[in-house]
Structure formats: structure tokens, C-alpha cells
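Secondary and tertiary structure notes
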Amino acid sequence: MSGFEYVRSNGIQETLNILAKEKEDSVLVAGATNVMNDIRSRKLQNKILVDISNIGELSGITQEDGMIRIGALTTVADIAKSALLCKQAPALYQAAQVFADPSTCNYATIGGNIAHACPAADTAPPLLALDAEVEIAKKGNIRTLHINNFFLGFYSNQLDDDELIVAIRFKPQRCSAFEKIGLRSAMSIALLSVAVAVEIDQQEKVRTCAIALGAAAPRPVRASHAEAVMIGSKPTPELYAKMAEALCEDIAPNPKSARASKLYREVVGGSLLEKVFKNAIGSAIE
Amino acid sequence: MPLFAEGNKKYSHINKFCPRVDAKEKVTGRADYAADLVFPDMLFGGSLHGPYTHAKVKRICVEKALAVPGVRAVLTYKDLNKPFSWGYYTYMTEILRYEGDVVAIVAADTKHALEAGLEAIDVEYEELPAVYTIDEAMADGAPLVHENNEDCAGNIWSHARCKVRKGDVDVAFTDCDVIVEREYETQAVEHLYLEPEAAVAVPEKNGCMTVYACAANPFFGRRWIADSLGIPRSKARLVQTTIGGSFGGKEELMGLTIGRASLLADATGHPVKMVISREESIVCSSKRHPFKFKYKAGVNKDGKLQALQVTLIEDVGAYHMHEFMSFRAVVHAAGAYVIPNVKVDILGVFTNTVTSGAMRGYSSPQIIYAQEQFYEEVAEELGMDFLAFKKSNMLHKGAIHPCGQELNEEVILPEIIENLCAKTDFEGKRKKYANQTGDKRKGIGMSIFHRGCGLGNESIDASAAYICVHDDGSVMVNVGLVENGQGLHTAYSQIVAETLGVPVEKILVNKVDTNTILDSGPTVASRCTVMGAQSVRKAAQELKSYLKETAAMMFHTESPDQVALEDGMFILIGVPDAAIPFHEVCNVHHWTGGQSGVMNWYKPPKLSFSCKTGFGDAFPTYSYSVCVAEVEVDYKTGEITVEKVTSGHDVGTVINPETSKGQIFGGIAMGQGFAMMENLAIKDGKIRNKNLDTFMIASSMDTPEMEAILFECEDKTGTYGAKSLGENATEGVASAIINALHNATGERINKIPINKVKMFELLHK
């Protein structure tokens, strides 16, 4: 790996200054679990590697004013151990359990996972289902983007070259769940992943419902057709069948995707979604 | 009746558990891997690969690279004294035949200078048309992988020829009641040893070249040194470092790396270290041969196999070194069955893809996958129960092997089958699983197989051992075969302990240094215990006879026959309390001028099989195995769960039950990966999954519950009656899983690997 420069940044402002100066010549590095792969495969060349892994204020999980806030440098391992997230955001907690092997989880950060914008990113569907907001800073400015507007397309997002993800915020959602299917039982990129966050009213009807998919389209997406079927109705086997049917409208993988066909994702997605939906409600309704 | 191998035979040091002698250095991280070695003034070496799978170098300019600060040498094919290496590979080449070919090598002071040097080499290529599959390579007018090569007829390799001819299949087929024909296909598989290839070449002041390398075949390594530099073998020395796995794979790329490091060390006068990256190892190292199989059987309504015709077509890749495999493949093509008329042919086809080579089994995992499914399909066509069909045609003592050999040793297949059937409730489960409905369906499957022990007629199965005692009673052993993770040093320590009559703790087995032992051939073919240890045993026996003379003298007796050595003590037979510790005898032995070291040699009796006649005795003896797999298939998702694998093996005499079971467990994981997961994503001849993020092997979460069962019998062929096990452990697993999937789904899988997506597509076609 020649042609790279390395800078270690110790604070947010220092990082923003470097980014403002170097712009597209810079690459932020935290856990480096994606960046190292890109360097080894020469997708990345001649960059200034800005190491932000030492910035303590970018890390941590807190709850204030009814919102959960996760610093961008919080590792997947920390999310997987969080008692708060286990109770208040099970979808994200569950995604962290099956994210990767322990050594990768110890380095990989939630900010890095969404910044990389892989269509199969494991934390993306939970954050989409939780209606998360992304706090983004640049020199002299802070903006907030809804996560659904953050992702643009295949490995692309709204982040400018001089911007840094600071944190991710969302409201607690006890009734949420996540599951993924990979080509093996662990350490596997998703063939398809599903996250659901749902609220059920007194009449056992679905009051609100957010369904999100990974590896179903060129970017992580909300499954609006499937959501529409469920909102306002009481889940029944017939309704789940309709939901699965509607889900096909939400699945539009890259036709070149070699790992699994659209048909596979549709059929498997339908049964996976039903399972995750029931997990989110917390009690299976037969 | 066979014994369960739990130390039932009357031995003191073998046939029982002994902790691995290399465990401590490995688990504490102290083992000396080649990539860790450092020498004064050492340089770093690396290779430049071309961007094409088939191309000619039109122009190559190294001036800019030589101008890079820290670069000490840049070598291209122009600097070689001959175009091809030993084994027809190329160290550096003008014609690139696959993406792993190298056009130039560089030595530099630092890794950064090395990388800059490699990037500064200016090459202009002329891309040539290429062939990537067996079908493309065999098509009329196909581009040639090797132009003007007398070993090729078109893209067909004329050396990959061996055959079996027994009886007359053409006549027999006309008389058969039922003819069944099927085709199967397997993929290339990466070995994925934990430690990629690494070598350090050190030029010596006397004109010799020493290379330290994780070479699984050190004497091949010595050939590569001598070949690359054009020096005599006597001036080439290979010192084996700790090997982090090989599975048959540390051979071609390892050898080329040894040669390239030697060339750079010779050119610069400095030690040169070459460490292969994971990506380079996956792209350049040999792979398990991909095969296409055509099986045709003729059988009578009584269920007796009458005739079998098999054509095996291997994708050789761009280069070859494995004509030996042709022999093993054809001899095992018919499986463990009695068939009066057999015709087997093999064909090797060159393509512009990664080279094929030895990988745990050397054709058997592929062949058994095809044949054990095929015989089930034959039984199905006959309307017979497949197990009854297989049992009625199975090899037995006194039977004639498919290639003509009379089997005079024990054949314990019926006992192994009976035991595994009882243990797994095989027949009960099969019937229970026959008519399932619902989303999740279970299946159970079996494979029955045999393996020729050691090299047999494949190659010379001779080996050397040197054993000496020091005056303090410690014992040192030099051998020519390597510990590559299989537990060889532990087995050899136990065999020396057993033969000499001293505890294992007294014995040190050294890694191979080609200057200290005779060329004992390669560490392959599961030969090292069954045959390789024969020389170890002979040397220990001879040494013991010399020590007994000294002990007899110390006991003041005329005859050494009156002396025995047990548990580290020399005793005088029949005289109570007459005992002298081993080390005291060794001390006196040394100071009275006794011979304290022995080099011995073992060469097995000659066999008679010939690839020209296709008939004869192929192996000295065979080991027999049965594998049972239990699976569950989720119809909704295609998910395949291998729930349990039970693997039973005839090991003759087990040397160490725990390390043997360890080999079987590893073999199951490897066989499962071959059946379901391990696949190189090759597009236009280029491998796309070059690292562990995309190349999938089974994780510990995927591996099934495993049960290893060892069976023993009386067969005097191998060392202390031991048979082969290392490759047997993996070769029948894929087949058992595939047959279990048929039991669960009714689907035949004629191409592997089958993952959940492919299973889903099969179920929803």
C-alpha cells in the first residue's frame, strides 16, 4: 500500500479542518474494516488516510430527551453488548449480534457501516426501520438527515467530501426486530436482511409499521408496499400472505447480483419478513 | 471381527493417546514460520503478474524500476537460462497462460521500495484469445494454451493418460438388462491453508543456496532451487520451516516462490524473503481439479453389476505436474465394488485458468461424489434398495478389485456398514424420511468407499530415517517427510518409542533439512505413517540391536538376545532386579565406541499395475470407509443444515486415536465445504473472490455434530499394521451429504457445490 499519507486526528474540529482542506483527497478511517479491503484491492489509491479512531467524543450510546443517540465511532461490539439497545431498539441490537466475527465487530463502527453504504450493510435496515436521523458535521455547519434520505444508491450516500458523521439518533422502539440470511451461518454478507419496527394498538391493529430491507435493492430501502398492507389492519395469516405478495414490489436487486436471484429474494423475503414481523410484535399471531 | 480402535492391540506407546509433541510451540506462538525469519541484510522479494489470462509480452522495460531507491534487482524472463521451470511452470514468462503468471520479479531493501519497483516496470502486452472451460478448450479450432508443445494434442494433455481395462464392456453391455448413464461435475477448490506460502533464500559463501520455506515437499523444493539457478542438487539445500497447513497445496506456487527467491538472492548476493499475500496465494496456487464425469453401468435384474464404463475429464488449468493423479483417479473410478468388466479413461484438458493440483484426496472427493450417487441411481433404475444393491456388489476378502487385483487382506466394509447403520438408525430414518411433507424435511445419506494406501504404483513409496542416541539417553530422529499439521511428528515419536522401548519424552523428531536425510519423496498420498514410518521403525530396530550389545556387555552376558528394553530400562530376561536405565547404557555405548546412529531405508515390494495394460495390482493394500450424513432442508429458504456426520474408517492399527479423530473432524468440515460452499468465482479465467471476505468456507457455526469411529483389523502391510487416514477422512463426506439431500428432497445434484440459493432454485424450478 504505497501512495497513502496518514494523519491522526484527535478531535472533531481538527477532523473538520482537515476535511475542509483536503476534501476528495482524504478518506476517513475508523475501524478500517472496509477501507483496508478497498486498499488491498486497489479500489482506493493515493489518499490521505485521516484516522479518527482516537476521538473519544464520537463514541458512546446515550439516552436523553426521549431519544437514543449513538456516536458514529461506537463499535458494533459495543452495540451488541448494550443493555439499553437490547430493550429499546432490539432491531439494531439483533443486527449487531450477527454482524460479523468478533474481531471485525471490535473494530467496525456504526458510522463506518452506513458511510460505506453497502446495499447489504447490516445496521442500515434497523436504522431505516427506526426512522433514524444522521447528524452530519462540516466546518462551520451541522445538518441532520433522515437515514432514508442519507442513502443514495449503490455504495453512495449524501455525505460530502468535507463532512463527518457525528452521531445517529432515533426514538426507542421496543417492538422491533431484525434478521438476515447469508450463505453461511456466521461471518456472512446478507443475501437478504429484514428489519421491522411496529406499534400495535388496543384493538391489536398495526398502528405504525416500518419495514426495511438490506440487499434487496442497490441501496438499503424501506418496503413501502409491504408497510401499506399492514398499517391499520390486524395481522392474520391472510394479511401476512398479502404482505409477502406486496413485498415483491419492494424488491429490486441489481440484475447483475450473482449471489441470489430476484425470485429467491422474493420468496425467501416473504417468509423472512413474516418471521421478523412476528418477532417485532413480540408474540406470534397465528 | 474388527476391533474398535481404542487401544485394544498390545502395544506400549502406539495405539493410545499421546499429546501432540508440537502443540506447545504452536499454541504459544513460538513456532518458526518462514514469514517470521529475519537474516542480516535481508531483502524483500515480490512478483509482477500480468493483467491478462493469455497474452504475449511485446516489450518489457525495467530501467524505471531499477531507478527506484532501494530496488536491488529486477529480473524478467530474459534473465533466465531456460524458458520453463522444473515441471513446465515458469518462474517468469514471455507468454502469460493464466492470471497467476509472472513477468518480472524484484528485490528491494523495504516492502515499500519493492512495491514501488514492481509498479515502475513498464510492460506492453499483446492479448491472445483464451479458453476457460473444458468445452471451450476441446472445441474445434480452439486457441491453444501451449503452442508447439509436444506434450499436447490441441489442448489435450497427452501425459494425463492412464486407463483400466478389465474384461470387455462393449460385449457385456449388450447382455445387460439395464443400462444407466449419468454425468456429474465438480468445481475447483482452494486449499486455504492458514499460512500462505513464504520462503527466504540465503546465498552461502561456498556457492550453495539455502532456502528456508514452508515447503510440504522439501526435496521438490531442493529441485526448484537447483533448477532455477542451474546448480547441482548438492549445492542446493531446503530447510523446512513450520508449515501452517498444506492439504497437498504447498507445492507448485511454493516451488516457484523458492525458485524466484533463489534467483533474486543469487542476483543480489543477499538473503531474499518472499511472502505470498492471501490474494496472491488464492490466485496463483493450485486448486483441487475440477472434473466432468461420464458414468455408464450395465446391470442385470438380479442386481449384479456386470459392466462399468467411466470417462473422467479433468480441467488441468494452465500448467501440469500431476500425471500421477491420472493413475489414482482411474483405479478408484469404479469404487469399492466387484465389477467383471471395467473400462476407465481419463483426459486432461488445458485451459487459461488457475492450475489444478493435489488437494486432500487427489481426485477421490470428486470421484466418490459422482460414483456413490451414481450407484444409488443405478439401484433406483433397477427398483432395488440402494443399500442392498451396494452390499451385494461390494468388495470383500478374496474378491477381484475393479482393476484386477485379488484382495487377500481383510475387507471390513460389512462390519463398518453394520455398525454405522445401527449407530445412526440409518434404515429406520431413511424409511421415515421417504414421504415427508412440510417446510422442513430431513434426510440421511451414506457413502461407501475405499482408498489405496500410500502411493502404490503412483510413484516410489520409499523413504529414509536417521535415528541416533546421545550419551545422555536422548533420542534424535531425522526424517524426509514433513509435519504439516497432520500429527506426523507425534506419530513418529510414538513409533520410535514403541520400537526402541523408551518414553516419547526422550524423543525429538526434527523438521526436514535436505542436507541431513535422503530424498524420501513428497509428503502426499496419506503415505507417511503407513509406508513412510517403515524406515523409522527399521532404523529404531537396528539402533536397538547395537544398544543391546552394550547392555549385554554391562550385564556380563554373552548374548544380546538375553537383553530386553522396556519402559526406558534395559533388563536381563529372567533375572529379577537386573535393570540398567537407558541413559546409562547410552553413555557406556558412546564411550566404548558403539555405533549410536542409524540411517535406514524402506522400499515397499514392487507392484504390477500398468497404465499401458490398465490391469494389475495397484496398491499394497486398501483402507475402507463409510460416511453417514444427516441433513435438514428448509423448502421455504433452500437452507441446508448438516445436522450430523458419522464417519467410520478402517485404520488397520491406530497409532494415536485422538489425533486420528482430529483428522476425521477436519476432514468432515473440508468435505462439507466441498459439497456446499467452497467455490472460486471464476469469470473469464480470473478469480474474483481472492480473500476471506468473499471466499466462503464453513464456519464453526456451520459444522455439524461429528462422530468419528475408528476400526482396526489385522493387515501386516503398513507400519505396525497402520493404514492411510488423512485423505480418507474427507473424501466421502460430500457424497454422503449429497445422497442425504436426495433422501430429503428427491432431487439428484449433478453439479456441486450446492448452496442454499441453488437448493432453493432446484426446489422451485
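Everything below is about the structure printed above this text.
Notes on the structure follow. This is a predicted model, so every value here is computed, not measured. (Residues numbered from 1 in each chain as written. Chains lettered and ligands numbered in written order. Predicted model: local features only at pLDDT ≥ 70, side-chain atom pairs only at ≥ 80, totals over all residues. Heavy atoms only, no water.)

Before going further, it helps to spend a moment on the overall build of chain B. Counting secondary structure elements, chain B contains 20 helices and 33 strands. Computed over C-alpha atoms, the radius of gyration of chain B comes to 27 Å, within 12% of the 27 Å expected from 2.2 N^0.38 for 765 residues, which places it in the range of a compact globule. Seen through its C-alpha atoms, chain B measures out along the principal axes to roughly 80 × 80 × 50 Å. A total of 765 residues make up chain B; the buried ones form 64% of that total. Restricting the contact set of chain B to residue pairs at least 6 apart, pairs at least 24 apart contribute 80%. Of the roughly 27700 Å² of accessible surface on chain B, a fraction of 51% belongs to carbon and sulfur atoms. Taken as two groups, the 77 positive and 98 negative side-chain charges of chain B have centres that lie 1 Å from each other. (Helix = DSSP H or I, 4+ residues; strand = E, 2+ residues; numbered from the N terminus. Rg over C-alpha atoms; globule rule 2.2 N^0.38 Å. Buried < 20%, exposed > 50% of the residue type's maximum accessible area, 1.4 Å probe, protein only. Contact = heavy atoms within 4.5 Å. Areas by Shrake-Rupley, 256 points an atom, 1.4 Å probe, with all protein chains shown as cover. Lys, Arg positive; Asp, Glu negative; His and termini not counted. Charge placed at Lys NZ, Arg CZ, Asp CG, Glu CD.)

Across the boundary between the two partners, chain B contributes 23 residues, which contact 21 residues of chain A. Roughly 1900 Å² is buried in total at the junction of chain B and chain A, and carbon and sulfur atoms are behind 54% of that figure. For the pair chain B and chain A, the number of links is three salt bridges. Salt-bridge contacts for Arg 40 of chain A lead to Glu 279 of chain B; the nearest nitrogen and oxygen are separated by 2.6 Å. For the pair chain B and chain A, the interface holds eight residue pairs in polar contact (both at pLDDT 80 or more). Within the residue set of the side of chain B that touches chain A, elements represented by two or more residues are helix H3 (111-119), helix H8 (278-284) and helix H20 (756-763) of chain B. For the side of chain B that touches chain A, the element with the highest residue contribution is H20 of chain B, accounting for four residues. (Buried area = accessible area lost by both parts, 1.4 Å probe. Salt bridge = Lys/Arg side-chain N within 4 Å of Asp/Glu carboxyl O. Polar contact = N/O pair within 3.5 Å; in protein donor to acceptor, adjacent residues only side chain to side chain.)

Right, let's get into the pairing of strand S23 (residues 475-479) of chain B. Residue and element names in this part refer to chain B. Within S23, five of the five residues are buried, leaving the element largely enclosed by the surrounding structure. Side-chain alternation along S23 places Val 475, Val 477 and Val 479 on one buried face and Met 476 and Asn 478 on a second face that is also buried. Sheet topology note: the strand S22 (residues 463-469)/S23 ladder contains five bridges and is antiparallel. Across the sheet, the residue bridging to Val 469 is Val 475, located in S23. If you look at the hairpin formed by S22 and S23, you'll find five residues sitting between the two strands, and Gly 473 has a positive phi there, around 90 degrees. (Pairing = 2+ DSSP bridges.)

Residue and element names in this part refer to chain B. This model, assessed by the stated rule, comprises 24 aromatic pairs over all chains. Between Phe 84 and Tyr 88, the ring centres sit 4.9 Å apart and the planes meet at 50 degrees, which makes this aromatic pair tilted. Given a relative accessible area of 25%, Phe 84 falls into the partly exposed group. Using a relative accessible area of 28% as the deciding quantity, one classes Tyr 88 as partly exposed. Between the aromatic rings of Phe 619 and Tyr 622, the centroid separation amounts to 5.8 Å while the plane-to-plane angle is 70 degrees, which identifies the pairing as edge-to-face. You'll find Phe 619 and Tyr 622 in the same group, each marked buried. Taken together, the ring pairs connect Phe 291, Phe 293, Tyr 295, Tyr 337, Phe 374 and Tyr 375 into an aromatic cluster. Residue placement shows Lys 250 over the ring face of Tyr 193; its charged tip is 4.5 Å from the ring centre. (Phe/Tyr/Trp six-rings, centres within 6.5 Å; stacked < 30°, edge-to-face > 60°. Lys NZ or Arg CZ within 6 Å of the ring centre and 35° of its normal.)

All names here are of chain B. The three strands are arranged S25-S26-S27 in an open sheet whose pairing can be described as antiparallel. Edge strands, defined here as strands with exactly one partner in the open sheet, are strand S25 (563-566) and strand S27 (579-581). Direction aside, neighbouring strands of the sheet carry axes that sit 25 degrees apart on average. Where strand S26 (residues 569-572) meets S27, three bridges bridge the pair, whose relative direction is antiparallel. Its bridge partner lying in S27, Met 569 is registered against Pro 581. Each of S25, S26 and S27 touches helix H15 (residues 532-554); the most contacted strand, S25, lies at about 115 degrees to it. Running at roughly 75 degrees to S27, helix H16 (residues 582-591) makes contact with S25, S26 and S27 of the sheet. (Axes fitted to C-alpha atoms, helices over the stretch in contact; angles between N-to-C directions.)

What follows deals with the side chain of Thr 730 of chain B. Residue and element names in this part refer to chain B. Its location among the elements puts Thr 730 in helix H18 (residues 728-731). On the basis of relative accessible area, Thr 730 is assigned to the buried category, the value being 3%. Within the structure, the side chain of Thr 730 is placed 3.1 Å from the backbone nitrogen of Gly 671, a separation counted as a polar contact. With residues near it in sequence (within four places) discarded, Thr 730 still touches Arg 288, Arg 360, Pro 365, Gly 667, Met 670 and Gly 671.

With that settled, the discussion passes to the state of the cysteines. Applying the stated rule across the entire model yields one disulfide over all chains. Between the sulfur of Cys 162 of chain B and that of Cys 611 of chain B lies a disulfide, 1.8 Å long from S to S. Between Cys 162 of chain B and Cys 611 of chain B the sulfur-sulfur dihedral comes to about -75 degrees; the bridge is accordingly left-handed. Taken as a pair, Cys 162 of chain B in the loop between strand S9 (156-157) and strand S10 (163-166) and Cys 611 of chain B in the loop between strand S28 (597-602) and strand S29 (622-634) lie far apart in primary sequence, 449 residues in all. Judged by its relative accessible area of 31%, Cys 611 of chain B is partly exposed. No disulfide involves Cys 86 of chain A; its sulfur sits 14 Å from the nearest other cysteine sulfur, which is in Cys 175 of chain A. Counting only cysteine sulfurs, Cys 284 of chain B is the nearest neighbor of Cys 214 of chain B, a cysteine outside any disulfide, at a range of 14 Å. (Disulfide = S-S within 2.5 Å.)

What follows is about the environment of Thr 717 of chain B. Residues and elements named next belong to chain B. Examined against the element boundaries, Thr 717 turns out to sit in the loop between strand S33 (705-712) and H18. Taking the C-alpha atoms as reference points, Thr 717 and Val 563, 154 residues apart in sequence, are found 28 Å from one another. Setting aside anything within four residues of it in sequence, one finds Thr 717 in contact with Glu 409, Met 531, Gln 534, Pro 620 and Thr 621. Within polar-contact distance, the side chain of Thr 717 engages the side chain of Asp 715 at 2.5 Å.

Our focus in this paragraph is helix H1 (residues 12-22) of chain A. For an α-helix, 3.6 residues make a turn, and residues three or four places apart therefore share a direction. Residue and element names in this part refer to chain A. Buried within H1 are the following residues: Ile 12, Thr 15, Leu 16, Ile 18 and Leu 19. The buried residues of H1 occupy one face: seen down the axis, they fall within an arc of 160 degrees. Seen from the open side of H1, the exposed residues pointing more than 90 degrees away from its buried face are Gln 13 and Lys 21. Taken from the residues just after H1, Lys 23 is the one with a positive phi, measuring 45 degrees. (Arc of directions from axis to C-beta.)

Functional significance is not addressed by these values, which are geometric in nature.
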